[in-house]
Amino acid sequence: MSWRNTQYTGGWYNIDKNTYIQDKTTGKKYALIDTENCAISPSKTSIEFGQTKEFVLYFPALPASVTSIDLCEPTTTSSWKFYGIKIK
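Residues numbered from 1 in each chain as written. Predicted model: local features only at pLDDT ≥ 70, side-chain atom pairs only at ≥ 80, totals over all residues. Heavy atoms only, no water.

**Student:** When you look at the sheet that holds strand β10 (residues 81-86) in this model, what are you seeing that I'm missing?
**Tutor:** Note: strands within a sheet are paired through backbone hydrogen bonds, in either parallel or antiparallel orientation. Strand order across the open sheet formed by four strands is β4-β3-β9-β10, with antiparallel pairing between neighbours. In this open sheet, the two edge strands, each paired with only one partner strand, are β4 (29-31) and β10. Neighbour-to-neighbour, the strand axes of this sheet turn through a mean angle of 20 degrees, independent of strand direction. Inspection of the sheet shows strand β9 (residues 68-72) paired to β10 by four bridges, in the antiparallel sense. If you follow Cys-72 over to β10, its bridge partner there is Lys-81. (Pairing = 2+ DSSP bridges. Helix = DSSP H or I, 4+ residues; strand = E, 2+ residues; numbered from the N terminus. Axes fitted to C-alpha atoms, helices over the stretch in contact; angles between N-to-C directions.)

Below, the structure written as structure tokens:
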């Protein structure tokens, strides 16, 4: 994933340790295993205004039958919710 900071001076980002992806067909959830270049809350990764950062979120391998997932950070205030991600 990548994120460009177009809004915040001296910004930061992180992700909740309970973030998961969910198979849209079966409802099965797969928990976040690790990250690369994205801190897990309460730690933070800095990002300056105008900067773009690339990061990786690691989850367990999905069965070949999975065709669509949602990625959800479970906190109610988070905007890290991506619905209907298609898997090829």
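**Student:** What exactly am I supposed to notice about the packing of aromatic side chains here?
**Tutor:** The relative placement of two aromatic rings is captured by the distance of their centres and the angle of their planes. Summed over the entire model, instances satisfying the criterion amount to three aromatic pairs. Between the aromatic rings of Tyr-13 and Phe-55, the centroid separation amounts to 5.5 Å while the plane-to-plane angle is 40 degrees, which identifies the pairing as tilted. Here the residue Tyr-13 occupies a position in strand β2 (residues 11-13), and Phe-55 occupies one in the loop between β7 (52-54) and β8 (56-58), the gap between them amounting to 42 residues. Comparing Tyr-13 with Phe-55, the two get one shared label, buried. Where Phe-55 meets Trp-80, the ring centres are 5.5 Å apart and the plane angle is 40 degrees; that geometry is what we call tilted. One end of the pair, Phe-55, is in the loop between β7 and β8; the other, Trp-80, is in the loop between β9 and β10, and 25 residues separate them in sequence. Across the pair, Trp-80 and Phe-55 agree in class, each one buried. Members of the aromatic cluster, joined through ring pairs, are Trp-3, Tyr-13, Phe-55 and Trp-80. Here the basic side chain of Lys-29 rests over the ring of Tyr-20, its NZ or CZ set 4.5 Å away from the ring centre. When the ring centre of Trp-12 is taken as origin, the NZ or CZ atom of Lys-44, which lies over that ring, is 4.2 Å away. (Phe/Tyr/Trp six-rings, centres within 6.5 Å; stacked < 30°, edge-to-face > 60°. Buried < 20%, exposed > 50% of the residue type's maximum accessible area, 1.4 Å probe, protein only. Lys NZ or Arg CZ within 6 Å of the ring centre and 35° of its normal.)

**Student:** When you look at the environment of Ala-61 in this model, what are you seeing that I'm missing?
**Tutor:** With respect to the element layout, Ala-61 can be found in the loop between β8 and β9. Taking relative accessible area as the criterion, Ala-61 reaches 73% and is therefore assigned exposed. Separated by 31 residues in sequence, Ala-61 and Tyr-30 place their C-alpha atoms 8.7 Å apart.

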